[in-house]
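# Architecture at a glance
As a plain string of letters, each chain reads:
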Amino acid sequence: MLHIINFAHGAALMMALYGVFFLHQKAGIDPYLSLPLMVPAMFAAGYVLYRFVVAKASHGKDENILLVTLGIAIVLENVALTLWKSDTRTIETGYTFTTVAIGSAMIALPKLVAFAGAALVAGLLLAMIHGTDLGRAIRACARERQGARLVGIDVEHVFAMSFGIGLACLGAAACFLLPAYYVNPQVGNGFVLIAFTIVVLGGMGSFSGALLGGLLIGVVESIGGLILGESLGQMGIFLIFIAVLLFRPQGLFGARA
Amino acid sequence: MRQLAAIAAFAVAVALLPAVTSSGVVLNMAIMTLYAALLGQAWNLLAGFGGQFSFGHAVFFGTGAYAAAVLQARFGWNAWAALPAALALGAAVGGFIGTLSFRYGLRGSYFALVTLAFAEVFRILANNVQFTGAGVGLMIRLEPGAARFQFADKAGYLYVILAFVVLGLLISWWLKHSRYGAWLQAVRDSEDSAAALGVNVFAVKLQAIMLSGALTAAAGVFYVQYFQYIDPSLAYGPAVSVEALLGPIIGGLGTVWGPILGATVLHLLGEATRGLVPSLPGINLIAYGVLLVLMIMYLPRGIIGLVKCSRP
């Protein structure tokens, strides 16, 4: 939205997954119940990280943000590696293997919950962006940073807020993801480029675009995997990413700037 | 001229190293530092002088490495004959990526992301094509002999990598003193102003990425000859791309000596942290990440910038 490209997104998701994992192992808190803990914690971490590290280091250049978040990602990933080793860990809950029949399809319950959770978060975000003062401020900063500052918006605060909100979404994602997924220090890497692809595909700063982009990527990944085989099929995502950046940088659904 | 004398002095000093010590550990460290410096120099050509930040230099490195490995292992080429072919391929991949991304006006972070995506595409390809040995990787037969680009002792490798690094130094020096270098730096500082002054922005950037690609491919060829093995994640994984950008950023972007300085600092730091805390294997990478963030925060012009500031 604000043209902040955060390379540490995957690493932050990894940290959140570990957070949910340890809450489950050590404190016995169910992943879904750790939502009210994880979301504010990740939000605070994101706000502080942006305010005191990313903003200080960026010197107003996009490339520097990319480099700094890359540095943060390297640190987080290797801290996780030293602390928790490279083992892949999963958790088991009473409902991990529960399935629900919808029509003729059998769907694992955790995936269904994750779907509903993602839809809920997306709805909340959309409402926040279009219905609140903060959302209006974010849109203003995205469109015209200088102008936003002139009318009295604390631009740094707004950037830090949206960075925090981004990480808070990761906290929520981690809670929904872990029952159906696994965690290891490299788990975030697979998500980073896919997330970039979806955002670019849908058009930067467009929410409905991101949702449609996500759907499209999911379909491409499955079809690519079906035709070209599991590992070669992943190439489809990156090829789409390159093609969209080259030929339609405003995204498939975005308006030409 | 003083710079050229400094380059010559550097070359002689490093070349004398095997005469001073025969310790394999010291020589190996010198070789790996020079190798990292070469990657950094190649990246610096494009990012430091041209302002185009690539996050996927592994794409050139891997292409050079695979070109050398495939030509030797599958077609029985001599390694020295494979070297120019690998350099040409590195330049060609650079030309391909450069044509696409510069033709469509990708700048800044978008260029970085596209290079990253290209590296991933190549990694997945190398992982799935039988030609490159797929996931298993390619091994080169051990046949020591200078005529086959394999040396029985480390000194031979040191001389080869030193020659490449000196070449990199000379190219950087040339960029500082030539008309082409001036064009390239004008494009870095402001594309629009450069274009208004009649610089062919597209051609200048394209030549820079091809040059950078060829030099990175040289590092790839060296890697294959030194370790005699390559696989998709070694060749096209993000580790190489990160290694290429760390040195110049820490040493000093767009300077002749920055990449070497940065690579040296990083390797000394890596050894020191590993020596202090041997029980934690990832500790040197944590130190690199912290150093990267701190450098961008407080010394965006690198260590060389610090020296230049204190000397008016």
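Residues numbered from 1 in each chain as written. Chains lettered and ligands numbered in written order. Predicted model: local features only at pLDDT ≥ 70, side-chain atom pairs only at ≥ 80, totals over all residues. Heavy atoms only, no water.

## Considerations on the pattern of salt bridges
All names here are of chain B.
- Following the criterion strictly, the structure yields four salt bridges over all chains and no others.
- Two residues, Arg-123 and Glu-120, come together in a salt bridge whose shortest N-O distance is 2.9 Å. With Arg-123 and Glu-120 both in helix H6 (residues 108-128), this residue pair falls three residues apart, about one helical turn. Exposure class is identical for Arg-123 and Glu-120. Each is buried. (Salt bridge = Lys/Arg side-chain N within 4 Å of Asp/Glu carboxyl O. Helix = DSSP H or I, 4+ residues; strand = E, 2+ residues; numbered from the N terminus. Buried < 20%, exposed > 50% of the residue type's maximum accessible area, 1.4 Å probe, protein only.)

## Side note on the packing of aromatic side chains
Residue and element names in this part refer to chain B.
- Summed over the entire model, instances satisfying the criterion amount to 18 aromatic pairs over all chains.
- On the numbers, 5.6 Å between centres and 55 degrees between planes, the contact of Phe-122 with Tyr-236 is tilted. Separated by 114 residues along the polypeptide, Phe-122 in helix H6 and Tyr-236 in helix H11 (residues 232-236) bring together distant segments of the chain. Like Phe-122, the residue Tyr-236 is buried in the burial classification.
- Judged by centre distance (5.7 Å) and plane angle (15 degrees), the rings of Trp-174 and Tyr-180 are stacked.
- Put simply, the rings of Tyr-35, Phe-61, Tyr-157, Phe-222, Tyr-223, Tyr-226 and Phe-227 touch in pairs and so form one group of aromatic residues.
- Here the basic side chain of Arg-103 rests over the ring of Phe-202, its NZ or CZ set 4.2 Å away from the ring centre. (Phe/Tyr/Trp six-rings, centres within 6.5 Å; stacked < 30°, edge-to-face > 60°. Lys NZ or Arg CZ within 6 Å of the ring centre and 35° of its normal.)

## Here's the deal with the packing of helix H3 (residues 24-49) of chain B against helix H13 (residues 258-276) of chain B
Residue and element names in this part refer to chain B.
- Close contact between H3 and H13 brings their axes to 8 Å; oriented N to C, the two are set at 135 degrees. Classified by the interaxial angle, the pair formed by H3 and H13 is oblique. You can see that H3 and H13 cross each other, and the crossing is right-handed. Together, Met-29, Met-32, Thr-33, Ala-36, Ala-37, Gly-40, Gln-41 and Asn-44 of H3 and Pro-259, Ile-260, Ala-263, Thr-264, His-267, Leu-268 and Glu-271 of H13 make up the contact between the two elements.
- Classifying every residue of the contact of H3 with H13 by side-chain character gives eight nonpolar, six polar and one charged. (Axes fitted to C-alpha atoms, helices over the stretch in contact; angles between N-to-C directions. Parallel < 35°, antiparallel > 145°, perpendicular 65-115°, else oblique. Left-handed = near helix turned anticlockwise from the far one by under 90°. Contact = heavy atoms within 4.5 Å. Nonpolar A, V, L, I, M, F, W, Y, C, P; charged D, E, K, R; others polar.)

## Brief notes about the environment of Ala44(A)
Residues and elements named next belong to chain A.
- With respect to the secondary-structure elements, Ala-44 resides in helix H2 (residues 35-58).
- Judged by its relative accessible area of 40%, Ala-44 falls in the partly exposed class.
- Remark: the alpha-carbon pair of Ala-44 and Gly-164, spanning 120 residues in sequence, is separated by 6.4 Å.

## Observations concerning the confidence of the model for chain A
- Per-residue pLDDT for chain A has a mean of 76; in total, 82% of the residues score no lower than 70.
- Looking at the elements of chain A, mean pLDDT is at its lowest for strand E1 (residues 99-102) of chain A, recorded as 65, and at its highest for helix H7 (residues 155-177) of chain A, recorded as 83. (pLDDT = per-residue confidence, 0-100.)

## So, the interface of chain A and chain B
- At the junction of the two partners, chain A supplies 36 residues and chain B supplies 36 residues.
- Carbon and sulfur atoms make up 84% of the area that chain A and chain B hide from each other, which totals about 3,300 Å².
- Across the chain A-chain B interface, the total number found is zero salt bridges.
- The interface formed by chain A and chain B contains zero residue pairs in polar contact (both at pLDDT 80 or more).
- For the side of chain A that touches chain B, the secondary-structure elements that each account for two or more residues are H2, helix H3 (62-84), helix H8 (189-202), helix H10 (230-233) and helix H11 (235-247) of chain A. (Buried area = accessible area lost by both parts, 1.4 Å probe. Polar contact = N/O pair within 3.5 Å; in protein donor to acceptor, adjacent residues only side chain to side chain.)

## Comments concerning the domain arrangement of chain A
All names here are of chain A.
- Domain annotation of chain A identifies domain 1 (9-183) and domain 2 (188-257).
- Contact with domain 1, which involves 10 residues of that partner, is made by six residues of domain 2.
- Taken together, both faces of the contact between domain 1 and domain 2 bury some 670 Å²; the carbon and sulfur share is 83%.
- The interface formed by domain 1 and domain 2 includes zero salt bridges.
- Summed over the shared surface of domain 1 and domain 2, the result is zero residue pairs in polar contact (both at pLDDT 80 or more).
- Going through the elements one at a time, helix H1 (9-27) and helix H4 (109-131) are the ones with two or more residues in the side of domain 1 that touches domain 2.
- When grouped by side-chain class, the residues that make up the side of domain 1 that touches domain 2 number eight nonpolar, one polar and one charged. (Domains from an automatic or database assignment.)

## Focus on the packing of H3(B) against helix H10 (residues 201-227) of chain B
All names here are of chain B.
- Packing of H3 against H10 leaves a shortest axis separation of 7 Å and a crossing angle of 160 degrees. Taken together, the axes of H3 and H10 are roughly antiparallel relative to one another. Considering how the two elements wind past one another, H3 and H10 form a crossing that is left-handed.
- Among the residues forming the contact of H3 with H10, the class breakdown is 19 nonpolar, four polar and one charged.

## Focus: a nonpolar patch on the surface
- A cluster of nonpolar side chains, contributed by Leu212(A), Leu215(A), Val219(A), Ile223(A), Leu226(A) and Ile227(A), occupies part of the molecular surface with about 640 Å² of accessible area.
- Among the secondary structure elements, Val219(A) is positioned in helix H9 (residues 207-228). (Patch = residues over 30% accessible without salt bridge, like charges linked within 9 Å, V, L, I, M, F, W, Y side chains within 5 Å. Areas by Shrake-Rupley, 256 points an atom, 1.4 Å probe, with all protein chains shown as cover.)

## What to know about the confidence of the model for chain B
All names here are of chain B.
- The predicted model of chain B averages 82 in pLDDT, with 95% of residues at 70 or higher.
- Model confidence for chain B, summarised as mean pLDDT per element, is weakest for helix H15 (residues 302-310) at 72 and strongest for H10 at 88.
- For this predicted complex, the interface confidence score (ipTM) comes to 0.76, while the overall pTM stands at 0.81.

## Quick notes on the side chain of Ser241(B)
- Its place among the elements puts Ser241(B) in helix H12 (residues 238-251).
- Setting aside anything within four residues of it in sequence, one finds Ser241(B) in contact with Phe55(B), Gly56(B), His57(B) and Ala58(B).

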